[in-house]
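Per-entry structural report
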Amino acid sequence: MESLWSRHNSAPFGGGGGGLRVYIAPGVMWGIGAIAWFVAAESLPISVTFPLISAGPNLVTMTWSLIYFREVRGRRDLGLLSLALTLLGVGLFCVWFSNL
């Protein structure tokens, strides 16, 4: 997160005193995620909420790897990533609608 912030600002670590925002943003995101977990766990059974909540960070990681860091290159790697995202999406779809 700090490297993302420093790429968009000329001064490293966010400049004079602004670097604290870099450390607060992930905490706020974590808090929103924790609240979403409790809301989901209250309205759905744990067998549905756990796969949905635990797959979220994997989706975010794969997206950042592909778009921002450009770690995935080549047709084979893009094909494997597409297959993984498709299987993850189908699995989440099945888990989500298994409660109906």
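Residues numbered from 1 in each chain as written. Predicted model: local features only at pLDDT ≥ 70, side-chain atom pairs only at ≥ 80, totals over all residues. Heavy atoms only, no water.

This part takes up the environment of Ala41. Relative to the helices and strands, Ala41 resides in helix H2 (residues 20–43). Between the alpha carbons of Ala41 and Ile53 there is a distance of 9.7 Å; along the sequence they are twelve residues apart. (Helix = DSSP H or I, 4+ residues; strand = E, 2+ residues; numbered from the N terminus.)

Moving on: the packing of aromatic side chains. Applying the stated criterion to the full structure yields five aromatic pairs. Centre to centre, the rings of Trp64 and Tyr68 are 5.2 Å apart; their planes meet at 80°, and the pair counts as edge-to-face. On the accessibility criterion, Trp64 (40% relative accessible area) is partly exposed. In this structure an aromatic cluster arises from ring pairing among Trp64, Tyr68 and Phe69. (Phe/Tyr/Trp six-rings, centres within 6.5 Å; stacked < 30°, edge-to-face > 60°. Buried < 20%, exposed > 50% of the residue type's maximum accessible area, 1.4 Å probe, protein only.)

A surface patch of nonpolar side chains, about 520 Å² in accessible area, is lined by Leu20, Tyr23, Ile24, Val28 and Ile32. Tracing the sequence through the fold places Val28 in helix H2. Given the relative accessible area of 46%, Val28 is considered partly exposed. (Patch = residues over 30% accessible without salt bridge, like charges linked within 9 Å, V, L, I, M, F, W, Y side chains within 5 Å. Areas by Shrake-Rupley, 256 points an atom, 1.4 Å probe, with all protein chains shown as cover. Salt bridge = Lys/Arg side-chain N within 4 Å of Asp/Glu carboxyl O.)

So, about unusual backbone geometry. In this model, Arg70 sits at a positive phi of 55°, which is unusual for a non-glycine residue. Arg70 sits in the exposed class, given a relative accessible area of 55%.

Attention now moves to the side chain of Ser65. Secondary-structure assignment places Ser65 in helix H3 (residues 46–67). Apart from residues no more than four positions distant in its own chain, Ser65 is found in contact with Arg70, Glu71 and Val72. (Contact = heavy atoms within 4.5 Å.)

Turning next to the confidence of the model for the protein chain. Scored by pLDDT, the protein chain comes out at a mean of 80, with 81% of its residues at no less than 70. Least confident of the elements in the protein chain is helix H1 (residues 2–8), whose mean pLDDT is 54; most confident is helix H4 (residues 75–97), at 91. (pLDDT = per-residue confidence, 0-100.)

Where H2 meets H3, the closest approach of the two axes is 8 Å, and the angle between their N-to-C directions is 155°. The angle between H2 and H3 places the two elements in the roughly antiparallel class. Here the hand of the crossing between H2 and H3 comes out right-handed. Only Ile46, Thr49, Phe50 and Ile53 of H3 make contact with H2, whose side of the interface consists of Trp37, Ala40 and Ala41. Among the residues making up the contact of H2 with H3, the classes are represented as six nonpolar, one polar and no charged. (Axes fitted to C-alpha atoms, helices over the stretch in contact; angles between N-to-C directions. Parallel < 35°, antiparallel > 145°, perpendicular 65-115°, else oblique. Left-handed = near helix turned anticlockwise from the far one by under 90°. Nonpolar A, V, L, I, M, F, W, Y, C, P; charged D, E, K, R; others polar.)

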